[in-house]
Amino acid sequence: MKRILLAGATGYLGNFILQELVKQGYATTVLVRNKAALKVIDPAAITVKEAAITAPASIRGCCNNIDVVISSVGITRQKDHLTYMDVDYQANLNLLQEAQQSGVKKFIYVAVLHGPELRDLKICAAKERFVEALKKSGLDYCIIRPTGFFSDMTAYLDMAKKGTVYLFGKGTAKMNPIHGADLANVCVAAIQEPALEIEAGGREILTQHEIAHIAFTVLHKKVKIAYIPHWIRRLILSLLRLFTSSKTYGPVEFALTVISMDMIAPPFGQHTLKEYFSQQQP
């Protein structure tokens, strides 16, 4: 059985990957900045190394006796003084260099669907710069490109709770977001798979309009949707880029861009969005 190092285990996706690795019996080491944030099913089933991959000295030797590295490391919402380049690029590069020095056989990295086409966005620029470094590293690799997580879709549920869901354009852009557990299965399967890149979405292709309807249905509330012209979305983006720092506009820039386009990938898993929304209710 291959020995796995997982970076990003305290994040939304990383936690599901950890659960799947343990379930399948992999000898798993997790690299975390804060042990207290780690959700462990069976502490005896894993090895925990506490270190910050943004600090190269702290992770020295972390890949010794490791066969495969899986990284879901990345900034969701920027904090402290760190930028996307600091984390999504440089921190992953630090880990990659350790993997190279220790003779790791394969590196699996979770990026973004359509990342190369979205390189003008701060988050995608950093992720794709690392993807380029990974491809040139000489290691076997697999780049996982998800459409988006079910957890991201809770924004629709939150709006529905307040009474109105706001959609840009006519709400016809399509996506098939994926549950973290289903994407974790894809990531763990990539340990054995020869594919260099895997695009992954959930089982259902939905328009934004349909997602809004699912949210109202789960809440047993009357459907109320307001449509905002795309020119207002573009104006918001322009103003944010002009008057705020990347720490402020980075996450909004990504969200307001991908929400205007189709984000569809081959379907994986069995979870449905309605099921997920229902589980979010008290």
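Residues numbered from 1 in each chain as written. Predicted model: local features only at pLDDT ≥ 70, side-chain atom pairs only at ≥ 80, totals over all residues. Heavy atoms only, no water.

(A) Representation of the overall build of the protein chain in the model. Secondary structure summary: the protein chain contains nine helices and eleven strands in total. The globule rule puts the C-alpha radius of gyration for 282 residues at 19 Å, and the 19 Å found for the protein chain is close to it. Each principal axis of the C-alpha atoms in the protein chain carries an extent, and together these give about 55 × 40 × 35 Å. Considering the protein chain as a whole, with its 282 residues, one finds that 49% of them fall into the buried category. Within the protein chain, counting contacts between residues at least 6 apart in sequence, those at least 24 apart form 75% of the total. (Helix = DSSP H or I, 4+ residues; strand = E, 2+ residues; numbered from the N terminus. Rg over C-alpha atoms; globule rule 2.2 N^0.38 Å. Buried < 20%, exposed > 50% of the residue type's maximum accessible area, 1.4 Å probe, protein only. Contact = heavy atoms within 4.5 Å.)

(B) The arrangement of the pattern of salt bridges in detail. Using the criterion set out here, one finds seven salt bridges in the structure. Asp88 serves as the salt-bridge partner of Lys127, at 2.9 Å between the closest nitrogen and oxygen. Here the residue Lys127 occupies a position in helix α3 (residues 122–135), and Asp88 occupies one in helix α2 (residues 84–101), the gap between them amounting to 39 residues. Judged by relative accessible area, which is 0%, Asp88 ranks as buried. For Glu253, the salt bridge is made with Arg241, and the minimal N-O distance between the two is 3.1 Å. With Glu253 in helix α8 (residues 246–258) and Arg241 in helix α7 (residues 230–243), this pair connects stretches of sequence that are twelve residues apart. A relative accessible area of 38% places Arg241 in the partly exposed class. Salt bridges linked by common partners bring Glu128, Lys135, Arg145 and Glu197 together as one network. (Salt bridge = Lys/Arg side-chain N within 4 Å of Asp/Glu carboxyl O.)

(C) Molecular detail of the nonpolar core. Among the nonpolar cores identified, the biggest contains 61 residues, and Val69, Leu95, Phe107 and Phe277 are the most heavily contacted of them. Of the residues forming this core, the biggest block, eight residues, is contributed by α2. Excluding residues that lie within four positions of it along the chain, Phe107 makes contacts with Val69, Ser71, Asn92, Leu95, Leu96, Ala99, Phe130, Leu134, Leu139, Asp140, Tyr141 and Cys142. Counting residues in each nonpolar core, the second largest holds 29 residues, with Leu6, Ala9, Leu18 and Val32 among its members. (Core = buried A, V, L, I, M, F, W, Y, C linked by side-chain atoms within 4.5 Å.)

(D) Structural context of a nonpolar patch on the surface. Nonpolar side chains collect at one region of the surface, where Trp231, Leu235, Leu239, Leu242 and Phe243 lie side by side and expose about 600 Å² of accessible area between them. With respect to the helices, strands and loops of the structure, Phe243 is situated in helix α7. (Patch = residues over 30% accessible without salt bridge, like charges linked within 9 Å, V, L, I, M, F, W, Y side chains within 5 Å. Areas by Shrake-Rupley, 256 points an atom, 1.4 Å probe, with all protein chains shown as cover.)

(E) Up close: the packing of aromatic side chains. Applying the stated criterion across every chain, the model contains six aromatic pairs. With a centroid separation of 5.4 Å and an interplanar angle of 80°, the aromatic rings of Tyr12 and Phe16 are classed as edge-to-face. Remark: Phe16 and Tyr12 occur in helix α1 (residues 12–23); sequence separation between them is four residues, near one turn of the helix. Residue classification places Tyr12 among the partly exposed residues on the basis of a relative accessible area of 28%. Each residue in the set Tyr12, Phe16 and Phe149 is aromatic and connected to the rest through ring pairs, giving one cluster. Just above the ring of Tyr89 sits the side chain of Arg129; from NZ or CZ to the centre is 4.1 Å. (Phe/Tyr/Trp six-rings, centres within 6.5 Å; stacked < 30°, edge-to-face > 60°. Lys NZ or Arg CZ within 6 Å of the ring centre and 35° of its normal.)

(F) Representation of the environment of Asp158 within the structure. Position of Asp158 relative to the elements: it lies in helix α4 (residues 154–162). Taking the C-alpha atoms as reference points, Asp158 and Ala215, 57 residues apart in sequence, are found 8.6 Å from one another.

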